Amino acid sequence: MTQPIYVAQPDLPPLEEFLPYLREIWGNKILTNGGPFHQQFEQALCDHLGVKHLSLCSNGTLGLVTALQALGVTGEVITTPYSFVASAHSLLWNRIEPVFVDIDPATLTLDPSKIEAAITPRTSAILAVHCYGYRCDVDAIRAIADKHGLKVIYDAAHAFGVRDAGGSVLRHGDLSVVSFHATKVFHTFEGGAIVCPNAETKRHVDHLKNFGFVDETTVVEAGINGKMSEVNAAFGLLQLQHIRASLARRRHVDAAYREALEGTPGIRLLKSADELEANHSYFPILVEENFSISRDALYEKLRSHGVFSRRYFYPLIANFPMYRHMASAQAENLPQANAAANKVLCLPIYSALSLADVTRIVNIVRGA
Ligand SMILES: *Cc1c(COP(=O)(O)O)cnc(C)c1O
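These figures come from a predicted structure and were not determined experimentally. (Residues numbered from 1 in each chain as written. Predicted model: local features only at pLDDT ≥ 70, side-chain atom pairs only at ≥ 80, totals over all residues. Heavy atoms only, no water.)

**Focus on the overall build of the protein chain**
Right, so step 1: Counting secondary structure elements, the protein chain contains 12 helices and 16 strands.
Right, so step 2: Here the protein chain has a C-alpha radius of gyration of 21 Å; the compact-globule value for 368 residues is 21 Å, and the two agree.
Right, so step 3: In terms of its C-alpha atoms, the protein chain occupies a principal-axis envelope of roughly 65 × 55 × 40 Å.
Right, so step 4: Looking at the protein chain residue by residue over its 368 residues, the buried ones come to 53%.
Right, so step 5: Long-range contacts, defined as pairs at least 24 residues apart, comprise 70% of the intrachain contacts of the protein chain with a sequence gap of at least 6.
Right, so step 6: Carbon and sulfur atoms form 54% of the exposed surface of the protein chain, whose accessible area is close to 16100 Å². (Helix = DSSP H or I, 4+ residues; strand = E, 2+ residues; numbered from the N terminus. Rg over C-alpha atoms; globule rule 2.2 N^0.38 Å. Buried < 20%, exposed > 50% of the residue type's maximum accessible area, 1.4 Å probe, protein only. Contact = heavy atoms within 4.5 Å. Areas by Shrake-Rupley, 256 points an atom, 1.4 Å probe, with all protein chains shown as cover.)

**Quick notes on the nonpolar core**
Right, so step 1: Formed by 32 residues in total, the largest nonpolar core has its most connected members in F41, L45, L54, F160 and F180.
Right, so step 2: At the level of elements, α1 (15-28), α2 (36-49), β2 (53-57), β10 (192-196), α7 (230-240) and α8 (243-261) are the ones that each hand at least two residues to this core.
Right, so step 3: When residues in this core are grouped by element, the largest group, 6 residues, is from α7. (Core = buried A, V, L, I, M, F, W, Y, C linked by side-chain atoms within 4.5 Å.)

**Overview of the pattern of salt bridges**
Right, so step 1: Evaluation of the coordinates by the stated rule reveals 18 salt bridges.
Right, so step 2: In this structure, the salt-bridge partner of D146 is R142, at a minimum N-O distance of 3.1 Å. Here D146 and its partner R142 are both found in helix α5 (residues 138-148), 4 residues apart, which amounts to about one turn of the helix.
Right, so step 3: Given a relative accessible area of 52%, D146 falls into the exposed group.
Right, so step 4: Here D296 and R295 are joined by a salt bridge, their closest N and O atoms 2.7 Å apart.
Right, so step 5: Residue class for D296 comes out partly exposed when judged on its relative accessible area of 32%.
Right, so step 6: What makes R295 buried here is its relative accessible area of 5%.
Right, so step 7: Connected through salt bridges with shared partners, the residues E42, K202, D206 and K209 form a single ionic network. (Salt bridge = Lys/Arg side-chain N within 4 Å of Asp/Glu carboxyl O.)

**Some remarks on the site of the ligand**
Right, so step 1: In the vicinity of the ligand lie 14 residues, with T61, D155, H158, S179 and K184 positioned nearest.
Right, so step 2: One nitrogen or oxygen atom from the side chain of K184 is found 3.1 Å from an oxygen atom belonging to the ligand.
Right, so step 3: When the ligand is considered free in solution it has 380 Å² of accessible area, and contact with the protein chains removes 93% of it.
Right, so step 4: For the shell around the ligand, the secondary-structure elements that each account for two or more residues are α3 (60-70) and α4 (86-92). (Near = heavy atom within 4 Å. Polar contact = N/O pair within 3.5 Å; in protein donor to acceptor, adjacent residues only side chain to side chain.)

**Considerations on the packing of aromatic side chains**
Right, so step 1: Applying the stated rule across the entire model yields 19 aromatic pairs.
Right, so step 2: Centroid distance F180 to F186: 5.3 Å. Interplanar angle 85°. Geometry classified as edge-to-face. Of the two residues, F180 and F186, both sit in the buried class.
Right, so step 3: Seen in terms of ring centroids, Y312 and F313 are 5.8 Å apart; in terms of plane orientation they differ by 35°. Their pairing is tilted. Of the two residues examined, Y312 and F313, each falls in the buried class.
Right, so step 4: Cluster of aromatic residues (ring-pair linked, three or more members): F18, Y21, F37, F189 and F235.
Right, so step 5: Lying across the ring of F84, K184 places its NZ or CZ 5.9 Å from the centre.
Right, so step 6: Over the ring of Y314 we find R295; its NZ or CZ atom is 4.8 Å from the centre of that ring. (Phe/Tyr/Trp six-rings, centres within 6.5 Å; stacked < 30°, edge-to-face > 60°. Lys NZ or Arg CZ within 6 Å of the ring centre and 35° of its normal.)

**So, the domain arrangement of the protein chain**
Right, so step 1: We note that the domain assignment places domain 1 (15-240) and domain 2 (243-366) within the protein chain.
Right, so step 2: Taking the mean C-alpha position of each, domain 1 and domain 2 sit 25 Å from one another.
Right, so step 3: Counting residues at the interface gives 37 residues for domain 1 and 35 residues for domain 2.
Right, so step 4: Of all residues in domain 1, F100, Y132 and Y134 give up the largest surface area on contact with domain 2, accounting jointly for 24% of the area buried on that side.
Right, so step 5: Counting every contact that joins domain 1 to domain 2 gives 0 salt bridges.
Right, so step 6: Connecting domain 1 to domain 2 are 16 residue pairs in polar contact (both at pLDDT 80 or more).
Right, so step 7: Counting only elements with at least two residues in the side of domain 1 that touches domain 2, the list comes to α4, β4 (97-100), β7 (163-164) and α7.
Right, so step 8: With 4 residues, the top contributor of residues to the side of domain 1 that touches domain 2 is α4. (Domains from an automatic or database assignment. Buried area = accessible area lost by both parts, 1.4 Å probe.)

**Regarding the sheet that holds β2**
Right, so step 1: One open sheet accounts for 7 strands, arranged β2-β10-β9-β6-β5-β3-β4; its pairing is mixed. On the outer flanks of this sheet lie β2 and β4, each paired with one strand and no other. Between one strand and the next, the sheet's axes are offset by a mean angle of 25°, whatever the strand orientation.
Right, so step 2: With 4 bridges joining them, strand β9 (residues 175-179) and β10 adopt antiparallel strand pairing. Residue V177 lies in a different strand from β10, and its bridge partner there is I194.
Right, so step 3: Its contacts with the sheet place helix α6 (residues 199-208) against β2, β9 and β10, and it is angled at close to 10° to β2. (Pairing = 2+ DSSP bridges. Axes fitted to C-alpha atoms, helices over the stretch in contact; angles between N-to-C directions.)

**A few points about the sheet that holds strand β13 (residues 267-269)**
Right, so step 1: One open sheet accounts for 3 strands, arranged β13-β14-β16; its pairing is antiparallel. Edge positions in the sheet fall to β13 and β16 (344-347), since each has one partner strand and no second. The mean inter-strand angle of the sheet, taken between neighbouring strand axes irrespective of direction, is 35°.
Right, so step 2: Contacts from helix α11 (residues 335-343) reach β14 (283-287) and β16, with the element oriented near 50° to β16.

Take a look at the structure:
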């Protein structure tokens, strides 16, 4: 019996490599609250990513919730329905109304040409997602935001390490939020970070993630507990030593899939990652109507062979019960997003996936 293959498998360095970090924590007894590993990891991440300021947090979702608070976002926010549910949930947690706008079928990110029609006097921000690590049209989004006086927040949960000609993609927007969840391309078990444009904003975010404390006795805002622990930060430092090798392996897996699947009738691939500067964090395929079987039948067929692909992102966020009553959530408003949600299948991709397994998965798809 062959081992089941899941859509993602987290990178775990040899346990022995982590023990010295744990010994240090056991020795100094500093477990959280911005300890030495937290400080080192923030600096190491800034260096690695090529950004100046970031604030670690306990997960990406709390990062989004905190980012919206830091920018004072209220009223309505324009966002994509084609994402993980945490994107829109972060708005509801702030009593903000999401207004869904359709996606560009080429990149599956927010379609800038649809944004302006959705702006009302209550709109205060745009929350866009670099879906699968594919960069949003950041220039068009910035131009619209500037014209209408809106903030821009990027849910960059998929975009660790993604760069464009000007540097890290995380520099875009008023704030960008990454996730270090175990299923992401770079992980700290649970974790995340808010990338800030300047030291002052980082200080504000640092206060917000620590209950609003600015010193021992002064609380200036109703902040939350969104801090990253020393264990997670130490693990992140160790992971950073392995990330380049891990991304290189993913690049091979991506290339092997592309070579084997290119030209399969009824299977559409997104543009190659190098053209769009992505990080091989996902391998989505779109199962078109002219494929021999339906997307769901292919999903089941892969399962029957022990291959657990995932329908990211199906259902659309707009179709979940807490959103589907909203005017912008209706299917007529979101034809591209609904089409993508009904066609997409994310195939397994992770650094330890062997090329033999890629071939096996491709053969199941092509033989369907
Ligand atoms: C994973 C993910 C999140 C949430 O991050 P967590 O660290 O799991 O809280 C938010 N948005 C997107 C697009 C994600 O994929």
